[in-house]
Amino acid sequence: MLSGTKMQGLQVPKPQFPSLNSPQRASATNGTKQSRKVALTPGHSLMDWVRLGKKEGRNLNGKGGQIQNVSVEELARHNKVDDAWMSIRGKVYNVTPYMKFHPGGEDEMMRGAGADGTSLFDDVHQWVNVESMLEKCYVGQLRKSIEIKDRLKDNKKEINHPKDTAPVNSDFKTPSNSKSEAAIVEKPKARYDWYQNGGQITVTIYTKCNFVKADHLVIDKKQRELQVTLNIDEYVYTLHVGLFADITDTYNGIRVLNGPVHRVIFILNKKDVDLKWVTFGSPLEGNNTVVHKTDRDPVFRSCEVLSCQPLTHDIKLLALQLPQGSHMIIPIGYHVYLRVNHNGEELSRPYTVVSSTLLPQDYKAKEICGRIIYLMIKMYPNGHLTQQLAGYKEGDMIDVSDYEGSFVESRLDQADTLVLVAAGTGFTPMVKLLQWNRIHNKQQTKHIKLIFFNKTERDIPWREDLSELLKTQPKSFEIINILSEPDERWSGPKGRIRKEIVEEYFPCPDQPQQRFLMCICGPTQFTQLAFKLSKAYGYTDEMIHVFAA
Ligand code: NAP
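About the cut-offs
- Residues numbered from 1 in each chain as written.
- Predicted model: local features only at pLDDT ≥ 70, side-chain atom pairs only at ≥ 80, totals over all residues.
- Heavy atoms only, no water.
- Helix = DSSP H or I, 4+ residues; strand = E, 2+ residues; numbered from the N terminus.
- Expected span 1.5 Å × (residues − 1).
- Buried < 20%, exposed > 50% of the residue type's maximum accessible area, 1.4 Å probe, protein only.
- Salt bridge = Lys/Arg side-chain N within 4 Å of Asp/Glu carboxyl O.
- Pairing = 2+ DSSP bridges.
- Axes fitted to C-alpha atoms, helices over the stretch in contact; angles between N-to-C directions.
- Contact = heavy atoms within 4.5 Å.
- Core = buried A, V, L, I, M, F, W, Y, C linked by side-chain atoms within 4.5 Å.
- Polar contact = N/O pair within 3.5 Å; in protein donor to acceptor, adjacent residues only side chain to side chain.
- Arc of directions from axis to C-beta.
- Phe/Tyr/Trp six-rings, centres within 6.5 Å; stacked < 30°, edge-to-face > 60°.
- Lys NZ or Arg CZ within 6 Å of the ring centre and 35° of its normal.
- Disulfide = S-S within 2.5 Å.

Participant: When you look at helix H15 (residues 524-537) in this model, what are you seeing that I'm missing?
Facilitator: Along an α-helix, residues three or four apart share an orientation, since each turn contains 3.6 residues. The terminal C-alpha atoms of H15, which comprises 14 residues, lie 20 Å apart, in line with the 20 Å expected from a rise of 1.5 Å per residue. Buried within H15 are the following residues: Thr 524, Phe 526, Thr 527, Gln 528, Ala 530, Phe 531, Leu 533 and Ser 534. Positive phi appears at Gly 538, one or two residues downstream of H15, with a value of about 120 degrees.

Participant: Just to check I follow, could you spell out the pattern of salt bridges for this structure?
Facilitator: If the charged atoms of two oppositely charged side chains come close together, the side chains can form a pair. Applying the stated criterion across every chain yields a total of 21 salt bridges. Among the ionic pairs, Lys 471 bridges to Glu 468, the shortest N-O distance being 3.1 Å. With Lys 471 and Glu 468 both in helix H13 (residues 463-472), this residue pair falls three residues apart, about one helical turn. Given the relative accessible area of 35%, Glu 468 is considered partly exposed. In this structure, a network of salt bridges that share partners links the residues Asp 220, Arg 296, Arg 301 and Asp 402.

Participant: What exactly am I supposed to notice about the sheet that holds strand E20 (residues 372-378) here?
Facilitator: Strand pairing in a sheet takes place through backbone hydrogen bonds and is either antiparallel or parallel in direction. Reading around the barrel, the six strands line up as E15-E16-E20-E19-E18-E21 and close back on themselves, with antiparallel pairing between neighbours. Within the sheet, the average angular offset between the axes of one strand and its neighbour, ignoring direction, is 45 degrees. Where helix H12 (residues 428-440) meets the sheet, its contacts fall on strand E19 (345-354) and E20, and the angle it forms with E19 comes to roughly 30 degrees.

Participant: Just checking my understanding: could you explain the nonpolar core for this structure?
Facilitator: A general trend in soluble globular proteins is that nonpolar side chains are found buried together. Counting 36 residues, the largest nonpolar core has Leu 420, Phe 427, Met 430, Leu 433, Leu 434, Leu 450 and Leu 466 as its most contacted members. Mapped onto this core, the elements with two or more residues apiece are strand E16 (315-321), E20, strand E22 (417-423), H12, strand E23 (447-454), H13, strand E24 (477-483) and strand E25 (516-521). The element best represented in this core is H12, accounting for five residues. If near-sequence neighbours (up to four positions away) are discounted, Phe 427 is found in contact with Leu 358, Met 376, Ala 422, Leu 434, Leu 450, Phe 452, Pro 461, Trp 462 and Leu 466.

Participant: In this structure, what is going on with the environment of Ile 398? I would like to understand it.
Facilitator: Locating Ile 398 in the fold gives a position in strand E21 (residues 397-404). Sequence separation of Ile 398 and Arg 339 is 59 residues, and the distance between their C-alpha atoms is 6.7 Å. With sequence-adjacent residues up to four places away left out, Ile 398 is seen in contact with Arg 301, Ser 302, Cys 303, Val 305, Leu 320, Leu 338, Arg 339, Val 340, Leu 389 and Tyr 392.

Participant: How should the pairing of strand E8 (residues 217-222) be read in this particular structure?
Facilitator: Consecutive side chains along a regular strand alternate between the two faces of the sheet. Here E8 lies mainly inside the structure; five of its six residues are buried. Looking at chain direction, E8 and strand E17 (residues 327-328) are connected through two bridges and run antiparallel. Counted as the bridge partner of Val 218 is Met 328 from E17.

Participant: Is there a simple way to explain the environment of Trp 436 in this structure?
Facilitator: Mapped onto the fold, Trp 436 is located in helix H12. Sequence spacing of Trp 436 and Ile 332 is 104 residues, and the spatial spacing of their C-alpha atoms is 8.4 Å. Excluding residues within four positions of it along the chain, Trp 436 makes contact with Ile 332, Glu 409, Leu 412, Asp 413, Asn 441 and Lys 446. Polar contacts involving the side chain of Trp 436 include one to the side chain of Glu 409, which spans 3.3 Å.

Participant: In this structure, what is going on with H13? I would like to understand it.
Facilitator: Every buried residue of H13 is listed here: Asp 465, Leu 466 and Leu 469. In a view along the axis of H13, the buried residues occupy a sector of 100 degrees, so they form one face of it. Within H13, the exposed residues directed more than 90 degrees away from the buried face are Glu 464 and Lys 471. Taken together, the buried residues of H13 touch H12, E23 and E24.

Participant: What should I look at first to understand unusual backbone geometry in this one?
Facilitator: One can expect most non-glycine residues to show negative phi and most peptide bonds to be in trans. Non-glycine residue Gln 444 carries a positive phi angle of around 55 degrees. Inspection of the secondary structure puts Gln 444 in the loop between H12 and E23. In the Ramachandran plot, Trp 462 falls in the positive-phi region, its phi being about 55 degrees despite a non-glycine side chain. Note on placement: Trp 462 falls in the loop between E23 and H13.

Participant: Before we go on, may I ask you to explain the packing of aromatic side chains in this structure?
Facilitator: Any aromatic ring pair is given by two values, namely how distant the centres are and how the planes are angled relative to each other. By the definition in use, this model includes 13 aromatic pairs. Note on Phe 407 and Phe 547: the rings are 5.6 Å apart at their centroids and 35 degrees apart in plane angle, and the pair reads as tilted. With Phe 407 in the loop between E21 and helix H11 (410-413) and Phe 547 in the segment after strand E26 (544-546), this pair connects stretches of sequence that are 140 residues apart. An identical accessibility class is assigned to Phe 407 and Phe 547; each is buried. Ring centres 5.8 Å apart and planes at 80 degrees place the aromatic pair Phe 516 and Tyr 539 in the edge-to-face group. One end of the pair, Phe 516, is in strand E25; the other, Tyr 539, is in the loop between H15 and E26, and 23 residues separate them in sequence. Across this residue pair, the class does not change: Phe 516 and Tyr 539 are buried. One aromatic cluster in this structure is built from Tyr 192, Trp 194, Phe 244, Trp 277 and Phe 280. Of note, Arg 339 hangs over the ring of Phe 300, and the distance from its end group to the ring centre comes to 4.1 Å.

Participant: Please clarify how the side chain of Ser 326 should be interpreted in this entry.
Facilitator: With respect to the helices and strands, Ser 326 occurs in the loop between E16 and E17. A relative accessible area of 5% places Ser 326 in the buried class. If near-sequence neighbours (up to four positions away) are discounted, Ser 326 is found in contact with Ile 219, Asp 220, Arg 301, Gly 370 and Arg 371.

Participant: How should the state of the cysteines be read in this particular structure?
Facilitator: Covalently bonding the sulfur atom of one cysteine to the sulfur atom of another cysteine gives a disulfide. Tallied over the entire structure, the rule returns zero disulfides. Cys 521 supplies the cysteine sulfur nearest to Cys 519, a cysteine that is in no disulfide, at a spacing of 9.6 Å. Taking the relative accessible area as the measure of exposure, Cys 519 reaches 0% and is therefore buried.

Below is the structure:
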């Protein structure tokens, strides 16, 4: 039965990110340059801000929730304590309501008021997810204009830190981040069409955007309510209808035909193959609209735990089955949120999606593509969420969100050498990268080097599979395991990441004929250090992708 305007059980309030107990959030204050802290007045803690956001919602943007494009001139006008806007990565936020909640105080905030605050923000808070923190203050996209570059230059001058407070990683920015300050994405256009042929309905979404792939399409269906989302650039196109008649839970022929107008095609199967549909159905909320990713509440689906297998003494591989009627293939290095309810408290945390194995998958595994997701989860003794997850068993249900992420797969095509720098479960985004390499690098023309930091040998996940993989790609694949707490039998490299390790084991980037892509993931401070040391060794921003979900 249709729920009227919203798909029942799918729409939920957006979780906080980084989740309140996540290492990312913890590191926002201790992993990077310390901001000058001021005493916050009572009622202005982080939790108070989260609560206010829940209460006031989008109204916090001072425009009654309306979104508008903002010119540089308009941004500059909002430069007062009681009327302050700031642009971060091309998005403009009304930071006025946040002033009193800012641990660095009003003065710090005012340094970026009326201007582009990206560099300031990155200097102090690069690990904070600004979109989550300030999403309710979002005013709109900063409109590209010739003056932006000049303003950025000016801002850089203004924000030079005194030498004694120079941030450890002031230059830490992923390539995608560093470019986005001036890169304004035009809102792409999209629409859909359908036709029927006997028992099948073929739906085509036409879109004019920069780039679209089949795994940008997510389908959810409950009875006759069909919600299809297509990720197009920074936006999401939604098709949301109450179907004319029943369809089965399987979709075929999902494909993309690229051209000046991209066509994303999928086929629905009628339950009553003889029934001629008079219409496709009736439009539901948000149908045929394109909205910015940040303006969309995440959709959660209740997924069934298929298995929960130990990978190491404290890491488990969780297989989750999407509900009937849902189809979602997770792009490389993207994460989903798991959400559980524990004693009335909602716990939510992002996890990067992995594959079922590092080795070639069998036919059956291909069959279930888009229906099962695999997560590699470390069970921390004090982890609020993992303590709950540790008890999960086959048949239990858990909420899984849409995916998020920023890795662009085409970067892999452009690289000759992939350097994967992982620590602990920071290995998770590397899993699909290795899978991609196995499938697309059969001729072994690309070189791939995994530099894997763990505490002990028993902490290395999928160690045997990695050895097997090595045998299949002896010429092109290399693994360096580095242990910080090895036992006396270990003869390999030891210790934490440091200059000597980088210089000994990281490929030297000073090889003009080679195109490098380095991917880094691990505990926040590890990632920062790996980034900094790699830059010092000669890797450029453009060569590095940091997974920092
Ligand atoms: P871990 O076992 O605690 O550490 C793995 C290795 O990293 C150890 O050798 C450890 O050395 C080293 N290390 C830890 N902190 C370091 C630091 N500050 N400087 C240098 N080396 C350091 O790791 P884990 O418990 O699996 O944690 C993995 C982390 O990756 C989590 O924080 C998780 O949130 C993050 N992660 C992020 C993503 C993503 O953003 N997409 C995905 C997956 C995981 P010691 O033994 O000396 O500590």
